[in-house]
Structures are given as C-alpha cells and as structure tokens.
Amino acid sequence: MENEIQNAVSERKKSCVNCGAELRYKPGTAQIQCEYCNHIEAIEPAQHDFKELELGPYLEKMGTTHHSEKVMMLQCKNCGANQHIEEHYKSLHCVYCATPLILEDAIAEDWILPGAVLPFQFDQKKSHQIFAQWVKGLWFAPNKLKKAALDPQHTKGLYLPYWTFDAQLYAEYTGERGTYYYVQVPYTTQVNGKTVRRTRQERRTRWSHTSGTISGFVNDTLIQASKQKPHSIPRKITNWNLNALTTFNTSYLAGFVTEKYTLSLKEGHLSSKQEAEAIARRWSKRDIGGDTQRVHNIMMRLSEETFKHILLPAYISSYAYQDKKYNFFINGQTGSISGKRPYSYWKIGALVLFIIVLIVGIMYWHETSS
Ligand SMILES: [Zn+2]
Ligand SMILES: [Zn+2]
C-alpha cells in the first residue's frame, strides 16, 4: 500500500538529471531548480491560455471530463484540512495545526484541476525576513511565540484553493426613488429666561415608485474554497493581483503544499450567487438614482455562467502556544502579513508593575525635594 502511494505521488515529480534530487519551483521565476546542485529547468510554457469552464455540466456531474483527475490527498484528523504535498515526504505536518500526518492515510480523490495558478513570487527565506520584521514589532508577545514564528519548521508555502465565477447578470427591480427637500420647522426655546419662537431647517424625502432592468457582466467573484473556520484567510492578505495568474502546471507546486477545496463547487456557486445578488442591489440603486433609494424586489437571472478553480500563494506559520493554535499568514505575491497573536500577561504585568514603581518613586522624590 505504501509503495503504491509513493509511486502515485512521485509519478508527478521531476528529478534532477545530474544528481536525481528533487526539483522545486523557484519563486518569482518560470523555473524549477535542484536544491542540491542548483541545476535549473524551465517550466514548459502553456500551449494555450487557461479557459473558464462552463458551470452547468460540472454542477451536474463532477469528475467526468478531462479537467478533473485523481490526486493523493492527506486529510488532517485534527482540523480537517485536505492537503496535497508536492515533494518527497520527509516529515509531514498539517500546515494549519502542525498535527503529524500519516502517509498511509493518503487517499486518491477526484480533483477539479486548477485552471490557473498564481506562482509564489518570493522564497521561504524572504518570508522569514518578513515574519522576523513583523514579530519584532509585536508588543507583549510571548518570547516563545517570537521564537516559534521564526522557526523554519513551522513555516510552509501553501497554495490556497479558490473558486472564481463569471456570469452575465440580468435583473428586474421595483423600488422607490427618494428626493430630498427642506422645510422650515418652527420651535420655541428659552433665551435669557424668555420664551422665543425660532425656525430651523429640516430635511425630508419625497418617495416615488419606480422600476427598471439592469444587466452587466460580473467578473471574477472570488470565493475561498476552505470550509473550516480556522482556515479562513485574513482579508488583509487577500490583495493578490489576479492579472498574474498563469496556466496551471504541477511544476509550480513542487516544494509547496497545496490545499484541496473542501467547499464544493456547488457551495462555492451558492456563495457567488449571494455576491451577485448584492451586486444586483447596488446596480439597481445606481439605476434608480435620486438622492436615496429603496429596493423592494429584485428578480435576478444569471446566464453564461463559468468558473475557474485557481490556486493562490501564501506562507503560513502555524504554532501552538498554551494549547491554542495560532496562524500567521503572508501573501506569497505581495508580502502582506496578518495573524492572530497571544499576549504575554507576564510581560504586561511587569510593565504595569514598573509604571507603579515609577509613579511611587516620583511621588517620593517630590515629597522629599519640596
Ligand atoms: Zn541536482
Ligand atoms: Zn490540521
């Protein structure tokens, strides 16, 4: 069984022609490189641009076309992350919670092949520099955290799964257009003990019923394809520039971990529909015009729906501190960083104590010098 898995996984790997070692994707390039002798190979350019896939057939039946294939996946028993590791297994740990993964647990699963990948733009070394810089600036962080965050063992380059959806949107709406007007409102007030009459201006809205149609193209609605809450990526690091998407090639995954979508295409499609509804609402309001708008009813229709499965790069540092798991994230293209962090109550306590001592000291000094 173990051999079978080894073979299935290693089929996809490329080895160095000089020394037989593993070739890994070299961030920021279109090359794979041997980590021992530095031999470099170019990643074959794609024959054609990546296509959007028609949504309908995929929603009906998954995995029946040449766009999907079997891939070996390891599921974390602790947090549920489903990951594919495109490298020779040395030690296997879940990228999110650092739980050891067992090779024998790998199972072949259907995978809608990514249409496109956004390759990493900088290497792990650079990610450590960014982490180190950030950790240095963290106030009251436990020393253990600072050390853990800088441990290369805890940091992995991870390709995150996303669905993106395109569609032609058409909607009929009914609503009201509001126009502002102003009225003088009399009121009384006390001035020097006397009651006087004054007027002030107040804004009112005149509403008139309206209806209409809107239409347009909704491009690249991005839906993160991880179901697990702790895996949700902080908004702050989601500033990928999708113009740099490249046609998918497994070579870009070499040396990195790839997470498989746990949010199904169907569920992703549902979320994208909700986003489309929000867009239809915004467009309707713009169409209604006036000073303010009410939307009563929207009948929305999406057509020519297509989707892509894409992989986006992030470095993730995962570590446990006092039985809690913490993750830091760096955008693997832009270098944006974000993460939850614990506070060291010992350090905060020490500072508070120091301030009290300082105040008492100053008071004492005041007393004795006056
Ligand atoms: Zn080599
Ligand atoms: Zn896990």
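Analysis parameters
- Residues numbered from 1 in each chain as written.
- Chains lettered and ligands numbered in written order.
- Predicted model: local features only at pLDDT ≥ 70, side-chain atom pairs only at ≥ 80, totals over all residues.
- Helix = DSSP H or I, 4+ residues; strand = E, 2+ residues; numbered from the N terminus.
- Buried ≥ 20, exposed ≤ 12 C-beta atoms within 10 Å, placed from the backbone.
- Contact = placed C-beta atoms within 7 Å.
- Core = buried A, V, L, I, M, F, W, Y, C linked by C-beta atoms within 7 Å.
- pLDDT = per-residue confidence, 0-100.
- Pairing = 2+ DSSP bridges.
- Axes fitted to C-alpha atoms, helices over the stretch in contact; angles between N-to-C directions.

Scanning the chain for helices and strands turns up six helices and 15 strands. Evaluated residue by residue, the chain yields a buried proportion of 29% over its 370 residues. Within the chain, contacts between residues separated by at least 24 positions form 73% of all contacts whose residues are at least 6 apart in sequence.

Attention now goes to the nonpolar core. If you look at the biggest cluster of nonpolar residues, it comprises 64 residues, and the most contacted ones within it are C94, L158, Y159, L312 and A314. Here this core takes 10 residues from strand β9 (residues 155-191), the largest share from any one element. Setting aside chain neighbours within four positions, we find Y159 in contact with V117, L253, F256, T258, E259, L311, L312 and P313.

Now for the confidence of the model for the chain. Summarising the model, the chain shows a mean pLDDT of 83, and 88% of its residues fall at 70 or more. Element-level pLDDT for the chain is lowest in helix α1 (residues 2-10), with a mean of 37, against a maximum mean of 94 in helix α5 (residues 265-288). Within the model, the stretch residues 1-11 combines pLDDT values under 50 with nine contacts to residues more than four positions away or in other chains.

Our focus in this paragraph is the sheet that holds strand β1 (residues 23-25). A sheet is described by the order of its strands in space; here three strands give the open sequence β1-β2-β3, paired in antiparallel fashion. Looking at the sheet topology across the chains shown, the edges are occupied by β1 and β3 (40-42). Neighbouring strand axes in the sheet, compared pairwise and without regard to direction, differ in orientation by 30 degrees on average.

With that settled, consider unusual backbone geometry. Excluding glycine, a negative phi dihedral is what most residues carry, and trans is how most peptide bonds are arranged. The phi dihedral of N192 falls on the positive side, at around 50 degrees, and the residue is not glycine. Mapped onto the elements, N192 comes out in the loop between β9 and β10 (194-224). Residue classification places N192 among the exposed positions, given that 5 C-beta atoms sit within 10 Å. Unusually for a residue other than glycine, D220 sits at a positive phi of about 50 degrees.

Note that K156 resides in strand β9. The buried category is assigned to K156, around which 22 C-beta atoms lie within 10 Å. Taking the C-alpha atoms as reference points, K156 and A314, separated by 158 residues in sequence, lie 8.4 Å from one another. Here K156 is in contact with V95, V257 and I316, once residues within four sequence places are set aside.

Attention now moves to the pairing of strand β2 (residues 31-34). Where burial is concerned, the two faces of β2 differ: the one with I32 and C34 is buried and the one with Q31 and Q33 is not. Across three bridges, β1 lies against β2 in antiparallel orientation. Note on β2: the bridge partner recorded for L23 is C34. Between β1 and β2, which follow one another and run antiparallel, lie five residues, and G28 among them has a positive phi close to 85 degrees. Note: β2 against β3, three bridges, orientation antiparallel. Bridge pairing in β3 places I32 opposite E41. Taken together, β2 and the strand that follows it, β3, pair antiparallel across an intervening segment of five residues, in which N38 is found at a positive phi of about 65 degrees.

Moving on to the environment of S226. With respect to the helices and strands, S226 occurs in the loop between β10 and β11 (246-247). Residues contacting S226, with those up to four places away along its chain left out, are P161, H231, S232, E259, T262 and L263.

Among the 31 residues in β10, three count as buried, and that is only a small part of the element. Across 29 bridges, β9 lies against β10 in antiparallel orientation. Bridged to T189 within β10 is V196. A loop of two residues connects β9 with β10, the two strands running antiparallel in sequence, and N192 in this loop sits at a positive phi of about 50 degrees.

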